[in-house]
Amino acid sequence: MALPDRTAVSRREFLKAAVAVGGTAGLAACMEELGTEADAEIPRGDSSGLPERQHAWNAVLKTDDDGNDVPPRHHVLRYVDLADGIDPADAREPLESALTALESAIRWGPDGLLFTLGYSPTYFARFDESLPSSVDLPEPTQLTPLEDGLALDETDLLIHLASDRPDVLLAAEKALFVDRETINEIEITSLSKRFDTASESRRTGFVGAGLPAEKQDVAGISGDSPVPEAAPFFMGYRSGFARTQATEDRVTIGDGPFAGGTTQHVSRIELQLNAWYNQEDHVQRVAKTFSPRHAAEGLVEGVGDNLTNDSKIVPEDVADLVDSARRDGVVGHAQKAAAARENGEPILLRRDFNTTDDDKAGVHFLSLQETIGDFVAVREAMTGEEIADGSGVGPRLNNGILQYLFVRRRGNFLIPPRVCRSMPTPAGTTAEGQ
Amino acid sequence: MNETLSRRRVLQTTLAAGGSLALAGCTATDDDEPADDEVTGDIDPTSRVVENPPAAVYVPTHAEVMRHLDPVSAGEFEFVPMATYPHRFWNVTGDRAVEAEPSGQDDAHLMITVRDPETGIVLPARNGLEIVVDPDGTAESHSPWPMISQGMGFHIGDNIPLGDNGTYELEVSVGALDIERFGEYAGRFEESASARFSLEIDDDFRRLLTEVEYFDEEHWGELGAIEPMMHHGHGAHGGHDDHDDDGHHDDHSGHDDHGHHDDDHEHGDHHDDHGQRRFGTHERDSDVTELPPADDLPGTLQGTPTSGDAVIATTLLSAESRFVDGDSGYYLAVSPRTPYNRGMLPTMTIDATVEREGHTESVVDEQLSDALDHELGYHYGVHTTDLESGDTLTVSFPSPPSVSRHQGYETAFLDMEPVELTIELP
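All residue numbers here refer to positions counted from 1 along the written sequence of the relevant chain. Here chains are named by letter from A upward and ligands by number from 1 upward, in the order in which they appear as written. Selection of residues for local features in this predicted model requires a pLDDT of at least 70, selection of side-chain atom pairs for listing and counting requires 80 or more, and totals for whole chains, interfaces and linings are taken over all residues. Just so you know, side-chain values use all the structure's heavy atoms and leave hydrogens and water out.

A. Geometry of the overall build of chain A. Along its length, chain A carries 14 helices and 15 strands. Its C-alpha atoms give chain A a radius of gyration of 21 Å, near enough to 22 Å, the size a compact globule of 434 residues would have. Seen through its C-alpha atoms, chain A measures out along the principal axes to roughly 60 × 55 × 40 Å. For chain A, buried positions account for 61% of its 434 residues. Any two residues having at least one pair of non-hydrogen atoms within 4.5 Å are treated as being in contact. Restricting to contacts in chain A with at least 6 residues of sequence separation, those with at least 24 account for 75%. The helix count covers DSSP runs of H or I at least four residues long, the strand count covers runs of E at least two residues long, and both are numbered beginning at the N terminus. Radius of gyration here uses only the C-alpha atoms, and the compact-globule reference equals 2.2 Å multiplied by the residue count raised to the power 0.38. Accessible area is worked out with a 1.4 Å probe on protein chains only. A residue is then buried under 20% of its type maximum, exposed over 50%, and partly exposed in between.

B. Just the interface of chain B and chain A, in detail. Taken residue by residue, the interface counts 46 residues in chain B and 45 residues in chain A. Salt bridge, as used here: a side-chain nitrogen of Lys or Arg that lies within 4 Å of a carboxyl oxygen of Asp or Glu. Here chain B is connected to chain A by three salt bridges. A salt bridge links B:Glu130 to A:Arg408; the shortest N-O distance between them is 4.0 Å. Throughout this description, a polar contact denotes any pair of N or O atoms lying within 3.5 Å of each other; where both atoms belong to protein, one of them has to be capable of donating a hydrogen while the other can accept it, and for residues adjacent in sequence the pair is counted only when both atoms sit in side chains. Counting every contact that joins chain B to chain A gives 21 residue pairs in polar contact (both at pLDDT 80 or more). Top element by residues in the side of chain B that touches chain A is strand β4 (residues 89–93) of chain B. It accounts for four residues. Looking at the side of chain B that touches chain A residue by residue, the class counts come to 17 nonpolar, 20 polar and nine charged. Here the term charged refers only to Asp, Glu, Lys and Arg, the term nonpolar to Ala, Val, Leu, Ile, Met, Phe, Trp, Tyr, Cys and Pro, and the term polar to all other amino acids, Gly among them.

C. Just helix α5 (residues 166–177) of chain A, in detail. Residue and element names in this part refer to chain A. Here a helix's expected span is defined as the number of its residues, less one, multiplied by 1.5 Å. Between its first and last C-alpha, α5 extends 16 Å over 12 residues, near the 16 Å set by a 1.5 Å rise per residue. Among the 12 residues in α5, 12 count as buried, and that is most of the element. Along α5, the positions that sit buried rather than exposed are Pro166, Asp167, Val168, Leu169, Leu170, Ala171, Ala172, Glu173, Lys174, Ala175, Leu176 and Phe177.

D. Molecular detail of a negative patch on the surface. Each patch is built from residues that are more than 30% exposed by relative accessible area and take part in no salt bridge. Like charges join if they lie within 9 Å; nonpolar side chains (Val, Leu, Ile, Met, Phe, Trp, Tyr) join within 5 Å. Accessibility throughout is a Shrake-Rupley quantity obtained with a 1.4 Å probe, and a residue counts as covered only by protein chains that appear here. Residues counted as positive are Lys and Arg, residues counted as negative are Asp and Glu, and His and the chain ends are not counted. Each charge is placed at NZ for Lys, CZ for Arg, CG for Asp and CD for Glu. A cluster of like negative charges, contributed by A:Glu380, A:Glu385, A:Glu386, A:Asp389 and B:Asp178, occupies part of the molecular surface. It is helix α14 (residues 385–390) of chain A that provides the largest number of residues to the negative patch, a total of three residues. Position of A:Glu380 relative to the elements: it lies in helix α13 (residues 372–383).

E. Structural view of the sheet that holds strand β8 (residues 140–142) of chain B. Residue and element names in this part refer to chain B. Spatial ordering of the open sheet is given by β8-β7-β11-β13, a layout of four strands whose pairing is antiparallel. At either end of the open sheet lies a strand with only one pairing partner, and these are β8 and β13 (193–201). The sheet shows a mean angle of 25° between the axes of neighbouring strands, taken without regard to direction. The criterion for strand pairing is that DSSP finds at least two bridges linking the strands in question. Note: strand β7 (residues 130–133) against β8, three bridges, orientation antiparallel. What sits directly across from Ile131, in β8, is His142. Under this scheme, a helix contributes an axis fitted over its contacting stretch, all axes are lines through C-alpha atoms, and angles between N-to-C directions fall in the 0 to 180 degree range.

F. Looking closely at the pattern of salt bridges. Residues and elements named next belong to chain A. According to the stated counting rule, one finds 54 salt bridges over all chains in the structure shown. A salt bridge links Arg327 to Asp328; the nearest nitrogen and oxygen atoms lie 3.2 Å apart. In this structure, Asp352 and Arg350 form a salt bridge, with 2.7 Å as the shortest nitrogen-oxygen distance.

G. Local environment of the packing of aromatic side chains. Residues and elements named next belong to chain A. Any Phe, Tyr or Trp ring, taking Trp's six-membered ring, that has another such ring centre within 6.5 Å forms a pair; planes under 30 degrees apart are called stacked, those over 60 apart edge-to-face, and the others tilted. Taken as a whole and judged by the stated rule, the model has 20 aromatic pairs over all chains. Pairing Tyr123 with Phe124 gives two aromatic rings, centres 5.0 Å apart and planes at 80°, and the pair type is edge-to-face. When sorted by exposure, Tyr123 lands in the same class as Phe124, which is buried. These aromatic residues form a ring-pair network of at least three members: Tyr119, Tyr123, Phe124, Phe127 and Phe258. Its end group placed over the ring of Phe177, Arg78 keeps NZ or CZ at 4.4 Å from the ring centre. Ring-over charges, as used throughout, are those where CZ of Arg or NZ of Lys falls within 6 Å of the ring centre and within 35 degrees of the ring normal. Positioned above the aromatic ring of Trp108 is the side chain of Arg418, whose terminal nitrogen or guanidinium carbon lies 4.6 Å from the ring centre.

H. Region of the structure containing the pairing of strand β14 (residues 362–369) of chain A. All names here are of chain A. Most of β14 sits out of view: eight of its eight residues are buried. By the alternation rule, side chains of β14 split into Gly362, His364, Leu366 and Leu368 and Val363, Phe365, Ser367 and Gln369, which are all buried. By the bridge criterion, eight bridges tie strand β11 (residues 262–271) to β14 in an arrangement that is antiparallel. By the bridge assignment for β14, His265 is matched with Ser367. Here strand β12 (residues 349–350) runs beside β14; their pairing, made up of two bridges, is antiparallel. Residue Arg350 lies in a different strand from β14, and its bridge partner there is Ser367. As judged from the three bridges shared by strand β13 (residues 353–355) and β14, these two strands associate in the antiparallel manner. Paired with Asn354 across the two strands is Val363, which belongs to β14. Between β13 and β14, which pair antiparallel one after the other, the connecting turn spans six residues, and Asp358 there sits at a positive phi close to 60°.

I. Expanded view of the nonpolar core. We call a set of buried residues a nonpolar core when its members are Ala, Val, Leu, Ile, Met, Phe, Trp, Tyr or Cys and they connect through side-chain atoms within 4.5 Å of each other. Core analysis: the largest hydrophobic core is formed by 86 residues, its most contacted members being B:Phe77, B:Phe79, B:Val114, B:Leu162, B:Leu199, B:Val395 and B:Phe413. Considering each element in turn, this core owes the most residues, five residues, to β13(B). When sequence neighbours within four positions are dropped, the list of residues in contact with B:Val395 reads B:Ile312, B:Val334, B:Ile350, B:Asp351, B:Pro418, B:Val419 and B:Leu421. With 57 residues, the next largest nonpolar core counts A:Val80, A:Leu82, A:Val168 and A:Leu169 among its residues.

J. Quick peek at α13(A). All names here are of chain A. Between its first and last C-alpha, α13 extends 16 Å over 12 residues, near the 16 Å set by a 1.5 Å rise per residue. In this fold, the buried residues of α13 make contact with β11, α12 (333–339), β14, α14 and β15 (405–415). Phi turns positive one or two residues past the end of α13, at Gly384, with a value near 60°.

K. Looking closely at the pairing of β13(B). Residues and elements named next belong to chain B. Alternating positions in β13 separate cleanly, Ala193, Ala195, Phe197, Leu199 and Ile201 being buried on one face and Ser194, Arg196, Ser198 and Glu200 remaining unburied on the opposite face. Across nine bridges, the pairing between strand β11 (residues 166–174) and β13 is antiparallel. Across the sheet, residue Leu170 finds its bridge partner in β13, namely Phe197.

L. Broad picture of the environment of A:Pro292. Residues and elements named next belong to chain A. Relative to the helices and strands, Pro292 is located in helix α9 (residues 292–297). Exposure remark for Pro292: the relative accessible area of 15% places this residue in the buried category. C-alpha separation for the pair Pro292 and Pro257, spaced 35 residues apart in sequence, amounts to 45 Å. Sequence-distant contacts of Pro292, defined by excluding residues within four places in its chain, comprise Ala287, Asp328, Val330, Gly332 and Gln335.

These figures come from the coordinates and say nothing about function on their own.
In structure tokens:
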């Protein structure tokens, strides 16, 4: 992938492309684009007083007029392995130093930088001891028959970097993975010697009104620029409503050495929206995204702005999904998601974002939950196997939005609490060796 | 457009880099208009529709012209691929059929009939459907629609964007037949399968849409259907279906024996062997289509009422039959089918209730599931016990078949009222 001609695209699109390109070239392009502006200054951070939970982002996220948390607009996922011959204990201190320096250099927040480090089952497998029972972190696996050909992400670490500012994201990434970097007079020593950071394990994305519409000239989307300008996601509707999201408390591990941590699941999902946009109308899309009742009652206007902070699913919509499917001939995505709640509360905290990696429309479906089992339960509900077995609704056809999604990769990670985020042992050893 | 690659250019670039496909004839530059714009003219089948069509199966404006590709084997299945110009069809969500016009970027309408290579019988392959364009390169996946058309019957289809002229590798997958299978189908088709074939898009292909022959306009929208083409045999067609070669349908003696559907329409037999008219209201011969005639169904035929213009052939099989596991009770089989052509109607919901004189509550209240048998064909069935002759059986359709429809089927099989039958025990 190459940078587009600056004169041919909007500034937003150019910056988005710069994130996707990454590396020195992407950063240079970003800096050049933003260099003459006052706001190009990176807000300085403070590594003290940061939350115990790495995933405690909500407190610093902006909220929209309806009280929904607004996710950072730009994202990078770096899947990295500990380099051959490097012992986790030897990498612990350098990693923690780099992370602390990064936090001192860049403000913790969407105008600066937010990040998490997650560790895979593969990482923990090198230790003699096992993870405690308070942590549910199975190997990733195929979960439905629709996932034939699924590839598994089994690198040691997943580092998720997010910011509203592409230049900040790229500067942080460069500091961590490419070369020694000084940001706000703070020197950050890169991890390049201790980690294997193959470039193909870099994934990128974006979320927020306007971005998907700008980036829709990719495989999987055809027709006359069908993605609405106001849509935060490629599918064309808002999601991640406050009332459909688990709280950070709900997804946080409660006890054991990783108390204050969470588990992270990331799926790479390819989208095929030719049929979605060119062969269906708004009413059909609303029925499949929300519920047939939403479609019949006209509850969703445009991209769903009138939904404020909730998908407006009511208990009757989820009382008996097989029965609904037999009667309605279609079951909505939000209906199935709501059926997977516990005591009426969502159990996943979604931090997913759109992608055009490999020039294909897609989603990096990133979710946080207390246990990977919670993710599996929701995924099973979304698969709707009972619905397909018991009605005319198919495994994909009229079964939420499954007709348009192709899951290609999947990985599970443990995001430890901040205190032991650097190369933890299964017993939660901290950087200070506690 | 400078370096902002269009989707088409991305595809070409990637293909060229991968070197996995023969790209003869694929020489577009940024300045080229997409080749599909080259074939225009005043005949555009995507724009000819019947105004105010009846809420029933009707004679469309034209029969489709298509390229028949060689059948390919895929595990236990056989795929019969066909391709034609992108054209409109209707997708069904709930009881709404919504017109889907081709996007400007679609290059072909792909159709695949999935069948049993041993018998040639069309299989209700409605799950696990995927078409991957250029599987070794860009590998762009589509979930095609399970679809019905008068000429093709039940098949998998979609309008697909491909690109400029060239040879395209396609991989098609179907899931296991995860429905109950009786008789000779027991234990068969338990694994998903895929197969590849190539489709050449050239100017001749794009000209197919100019070769469409329209029926006389006076017949558009009449009750009736084009006859199925699948009985012509597979692989026998080089270019497109030629209406002059279909001599079979002179023999339609069956229609007198199956007059019940005609009666429902208060409609004479319109069948006409002359000229372009390859449609009519008679029932087709038993060997030419997907489901057996109602009179040939095993068991005791309970009746053939219609609902939403579908014929609801209903039969009851005793405990002696292979459909009943155990030595008591009955198997109630409902075989909804298109009128005239006896095409299958997958993806619908069917309930059955039975009421008996002297009982205030229904004595049977069952949900039927779809199933396959070599004699019953594709049907919906349920095992039930408490039946007596004279009981009133109500077969209802909480949701109609959500298969997509080609022209002539989009107004039928949507508004489906319950039908009543009187039980006659085997």
